[in-house]
Amino acid sequence: MKPFVKWAGGKTRLLKEIEQRLPADFDTWEDVVYVEPFVGGGSVLFHMLKKHNNISKAVINDINPVLMHAYQKIKQAPMSIMDTLVALRNEYNGISADKTREEFYYRVRKTFNEMRFEDEQKVAFFIFLNHTCFNGLYRENRSGDFNVPHGRYKSPSIFEEENIMTLHNALQKVEINCGDFAEIWNSLENNPTFIYIDPPYRPISKQVTMFTLYDKSGFTDFDQLRLKEICDIFGNRGCRIMLSNSDSYDEDISYFENLYNNGYHISRVEVTRMINPYNSKNRKPKEVIITNYQPPQ
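Parameters at a glance
- Residues numbered from 1 in each chain as written.
- Predicted model: local features only at pLDDT ≥ 70, side-chain atom pairs only at ≥ 80, totals over all residues.
- Heavy atoms only, no water.
- pLDDT = per-residue confidence, 0-100.
- Contact = heavy atoms within 4.5 Å.
- Buried < 20%, exposed > 50% of the residue type's maximum accessible area, 1.4 Å probe, protein only.
- Helix = DSSP H or I, 4+ residues; strand = E, 2+ residues; numbered from the N terminus.
- Right-handed = clockwise from strand over helix to strand, strands pointing away.
- Pairing = 2+ DSSP bridges.
- 1 Å grid on protein atoms, 1.4 Å probe; cavity = no way out; pocket = protein on both sides within 12 Å on 5 of 7 lines; lining within 4 Å.
- Points joined across faces, edges and corners; volume = space filled by probe spheres on them.
- Nonpolar A, V, L, I, M, F, W, Y, C, P; charged D, E, K, R; others polar.
- Domains from an automatic or database assignment.
- Buried area = accessible area lost by both parts, 1.4 Å probe.
- Salt bridge = Lys/Arg side-chain N within 4 Å of Asp/Glu carboxyl O.
- Polar contact = N/O pair within 3.5 Å; in protein donor to acceptor, adjacent residues only side chain to side chain.
- Axes fitted to C-alpha atoms, helices over the stretch in contact; angles between N-to-C directions.
- Left-handed = near helix turned anticlockwise from the far one by under 90°.
- Phe/Tyr/Trp six-rings, centres within 6.5 Å; stacked < 30°, edge-to-face > 60°.

### Some remarks on the confidence of the model for the chain
Point 1. Of all residues in the chain, 91% attain a pLDDT of 70 or more, and the chain-wide mean is 88.
Point 2. Counting contacts from residues 209-217, a segment whose pLDDT is below 50, to residues more than four positions away or on other chains yields 25 contacts.
Point 3. A low-confidence stretch, residues 276-282 stays under pLDDT 50, and its non-local contacts, those more than four residues away or across chains, total twelve contacts.

Below is the structure:
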């Protein structure tokens, strides 16, 4: 079980570190609610649903309506999506000339942007474009049109039928939301609750900027503060919370150590990001993993 899209900031490479930092007694919890306010491509979601059978319900959210509509339609009507994907894949892979294949991509992109109805066909076009565009990016221009160029991959793996059906089955116990991250908390009940939070990453420093735009408005330090306040509220209600972000500094002061300074635990891990100008041979970036509980040693 793996994500159906590539997504900037995906956590596939961090799954081992996340798993090791779950509460020591997590698998003894009963009737668990798992929550992700920034689900993105869903690598952590699908890992948790596959590995931990004590999760009876998941609640997910993201601000990108195209992405969340795709989750909803895979939950509801996967066969209709795959019928269109098969046709797109067969035509695309049947083209041998690079120029003609590129032209086909741009025709599909144009059609996708002109689609008025959020139906299964648009989801199929979205998945196709995600796996054939440059680096799996999702970016819109000021008019709201998807504008990422062609990726020019020789043999892209656009989708796998078995995986789509596995995700369809897993999503039956998932509540899907789309909107500001603060709205998802209204769905929480009294069950044992674990919350994994993967917001847009703060720039590492003023000198080294990263891709931090989550939508057209961006994700600011005010949003980081809002998020921290919500973590405090739900931590006080007994929720266990884990949060990932960049190891960001203002001058020589750790931004997140300063922000989460009231009983949270912070550890650092080295990562390699697919989209990040900070990667280099001699200086790999670090991320922080923040928990409101003592993680296992």
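Now that the structure has been shown, we can carry on.
### Structural notes on the pairing of strand 2 (residues 55-62)
Point 1. Within strand 2, six of the eight residues are buried, which leaves it mostly tucked inside the rest of the structure.
Point 2. Handedness of the crossover joining strand 1 (residues 32-36) and strand 2 through helix 2 (residues 43-51): right-handed.
Point 3. Relative to strand 3 (residues 174-178), strand 2 runs parallel, the two sharing five bridges. Bridged to valine 59 within strand 3 is glutamate 175.

### Overview of the layout of surface pockets
Point 1. In this model, the second largest pocket occupies a volume close to 230 Å³.
Point 2. Taken together, 13 residues line the second largest pocket, and the ones lying closest to its centre are Lys2, His131, Ser157, Ile158 and Phe159.
Point 3. For the lining of the second largest pocket, the residue count by class is seven nonpolar, three polar and three charged.

### Here's the deal with the domain arrangement of the chain
Point 1. The assigned domain composition of the chain is domain 1 (12-63 + 179-291) and domain 2 (71-162).
Point 2. Note on domain 1 versus domain 2: buried area summed over both sides is about 510 Å², and carbon and sulfur give 61% of it.
Point 3. On the surface where domain 1 and domain 2 come into contact, there are zero salt bridges.
Point 4. Put simply, domain 1 and domain 2 have three residue pairs in polar contact (both at pLDDT 80 or more) between them.

### A few points about empty space enclosed by the protein
To locate leftover empty space, one rolls a probe as large as a water molecule over the atoms.
Point 1. Here the structure, examined in full by the defined rule, presents one cavity of 30 Å³ or more.
Point 2. In this structure, the largest cavity occupies an estimated 30 Å³ of space.
Point 3. The residue makeup of the lining of the largest cavity, split by class, is six nonpolar, one polar and no charged.

### A look at unusual backbone geometry
Point 1. Positive phi outside glycine occurs at aspartate 31, with the angle close to 55°.
Point 2. Its place among the elements puts aspartate 31 in the loop between helix 1 (15-20) and strand 1.
Point 3. Since its relative accessible area comes to 43%, aspartate 31 is described here as partly exposed.
Point 4. We note that asparagine 135 has phi near 60°; this positive angle belongs to a residue other than glycine.
Point 5. Position of asparagine 135 relative to the elements: it lies in the loop between helix 6 (120-132) and helix 7 (161-170).
Point 6. Assessed through its relative accessible area of 29%, asparagine 135 is described here as partly exposed.

### Some details on the pairing of strand 5 (residues 240-246)
Point 1. Most of strand 5 is tucked away, with six of its seven residues classed as buried.
Point 2. In this structure, strand 4 (residues 193-197) lies alongside strand 5, joined through four bridges in parallel fashion. Bridging from a neighbouring strand, isoleucine 197 pairs with leucine 243 of strand 5.
Point 3. As paired strands, strand 5 and strand 9 (residues 286-291) are joined by five bridges and run antiparallel to one another.

### What about the packing of helix 3 (residues 65-76) against helix 6?
Point 1. Two numbers describe how helix 3 lies on helix 6: the axes approach to 9 Å, and their chain directions differ by 115°. The element helix 3 and its partner helix 6 pack so that their crossing is left-handed. Side by side, helix 3 and helix 6 meet where Val66, Leu67, His69, Ala70, Lys73 and Ile74 of the first sit next to Glu120, Val123, Phe126 and Ile127 of the second.
Point 2. In the contact of helix 3 with helix 6, the residues fall into seven nonpolar, one polar and two charged.

### Thoughts on the packing of aromatic side chains
Point 1. Summed over the entire model, instances satisfying the criterion amount to 21 aromatic pairs.
Point 2. Plain terms: the ring middles of phenylalanine 4 and tyrosine 71 are 5.0 Å apart, the flat faces sit at 80° to each other, and that makes the pair edge-to-face. Linking phenylalanine 4 in the segment before helix 1 with tyrosine 71 in helix 3, this pair joins segments that are 67 residues apart in sequence.
Point 3. Using a relative accessible area of 3% as the deciding quantity, one classes phenylalanine 4 as buried.
Point 4. Given a relative accessible area of 0%, tyrosine 71 falls into the buried group.
Point 5. Note on phenylalanine 181 and phenylalanine 219: the rings are 5.8 Å apart at their centroids and 50° apart in plane angle, and the pair reads as tilted. With phenylalanine 181 in the loop between strand 3 and strand 4 and phenylalanine 219 in the loop between strand 4 and helix 8 (221-236), this pair connects stretches of sequence that are 38 residues apart. Across this residue pair, the class does not change: phenylalanine 181 and phenylalanine 219 are buried.
Point 6. An aromatic cluster of three or more residues is present, and its members are Trp7, Phe112, Phe126, Tyr138 and Phe146.

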